[in-house]
Amino acid sequence: MSETPKTDHAYDGIEEYDNPLPGWWKWLFVATIVICPFYWMYYQTGQRTVASQFEGAMAENSRLKFQEIGDLQPDEVTLATYLQKENWVKFGKSVFATHCTSCHGAKGEGKVGPNLTDEAFKHIRTLPDIAKVIEKGANNGAMPAWGHRLQMNEIVLVSVYVASLRGTNIEGGKPAEGQEIPAWPEPPSDAVTEDATEDSGEAEPAEGA
Ligand code: HEC
């Protein structure tokens, strides 16, 4: 030990050995610096960026999620049918929770946007009108258009959720705007029995669209 060279400074009589860093440590340090630009290029530029991997995963996720229902169309039969399918209404609820509650309230009771839980609507008379307003927006963007931000399946299912809010009349909601509209149509007769079960083979003929 005593032969180890010392650094040439001393503070209050305290001296310091001049031990070299271990070789493996130095090379590890050099390696991190050498790898760094390649790592950066791999993950931050080109095809494999974290963002594009995330997008890929999300696309795969919705492909799996929507596998069993295919591509829904925003027509009356489809909307009336899915209004009976509790678990897909719930999916619509999650879309609503993510994108819509800031303006329409946590339960659709209305904030900046109108109350969706009463019987009166400004732009809606039929079920497909709901999907249209959501896709295209209304009142010069006061109600934003979601057509380029949500997939059609998401638009259909959030429309179904909005339709399900009607008549829940959440207390303390915004006063009614627009006109009272006719009741939603009866669901197609074969949709009623399908209900929320969703077991794959059975559900197909009910989709109707
Ligand atoms: C930035 C605020 C905002 C967000 C976010 C928003 N809305 Fe709206 N929404 C509005 C406003 C404001 C109106 C009323 C437009 C008008 O006065 O013509 C409206 C109207 C509507 C209507 C028509 C109501 C009627 O009475 O005819 C529906 C349905 C609707 N929004 C659904 C949604 C859904 C579903 C989402 C989420 C995907 C959403 N909104 C997100 C502000 C918003």
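Residues numbered from 1 in each chain as written. Predicted model: local features only at pLDDT ≥ 70, side-chain atom pairs only at ≥ 80, totals over all residues. Heavy atoms only, no water.

Looking at an unreviewed UniProt entry, one finds the chain named Cbb3-type cytochrome c oxidase subunit CcoP1, with Stieleria bergensis as its source organism.

Caption draft 1: Here's a closer look at the coordination of the iron atom of the ligand. For the iron atom of the ligand, the protein coordination sphere consists of His 104 (NE2) and Met 143 (SD), at 1.9 to 2.1 Å. Given six donor atoms and angles of 87 to 178 degrees at the metal, the environment of the iron atom of the ligand is assigned as octahedral. Within this pair, whereas His 104 is found in helix H5 (residues 101–104), its partner Met 143 is found in the loop between helix H6 (127–136) and helix H7 (152–165), the two being separated by 39 residues in sequence. Met 143 shares its class with His 104; the two are buried. (Donors = N, O, S within 2.8 Å, 3.2 Å for Na, K, Ca; no water. Tetrahedral: all angles 85-135°; square planar, octahedral: opposite > 155°, others 65-115°. Helix = DSSP H or I, 4+ residues; strand = E, 2+ residues; numbered from the N terminus. Buried < 20%, exposed > 50% of the residue type's maximum accessible area, 1.4 Å probe, protein only.)

Caption draft 2: Fine view of the site of the ligand. Close contacts around the ligand come from 22 residues, with Cys 100, Cys 103, His 104, Lys 122 and Met 143 the closest. At 2.7 Å, a side-chain N or O of His 104 approaches a nitrogen atom of the ligand. Counting residues per element, the ones that place at least two in the shell around the ligand are H5, H6 and H7. Tallying contributions element by element places H5 first for the shell around the ligand, with three residues. Residue classes in the shell around the ligand are distributed as 15 nonpolar, six polar and one charged. (Near = heavy atom within 4 Å. Polar contact = N/O pair within 3.5 Å; in protein donor to acceptor, adjacent residues only side chain to side chain. Nonpolar A, V, L, I, M, F, W, Y, C, P; charged D, E, K, R; others polar.)

Caption draft 3: Region of interest: the packing of aromatic side chains. A complete count under the given rule lists eight aromatic pairs for this structure. Look at Phe 66 and Phe 91: their rings are 5.4 Å apart centre to centre, the planes differ by 75 degrees, and that puts the pair in the edge-to-face class. With a gap of 25 residues between them, Phe 66 in helix H2 (residues 50–66) and Phe 91 in helix H4 (residues 86–99) connect regions that are remote in the sequence. Here the basic side chain of Lys 85 rests over the ring of Tyr 82, its NZ or CZ set 5.1 Å away from the ring centre. In this structure, Arg 149 is placed above the aromatic ring of Trp 146, and the distance from its NZ or CZ to the ring centre is 4.3 Å. (Phe/Tyr/Trp six-rings, centres within 6.5 Å; stacked < 30°, edge-to-face > 60°. Lys NZ or Arg CZ within 6 Å of the ring centre and 35° of its normal.)

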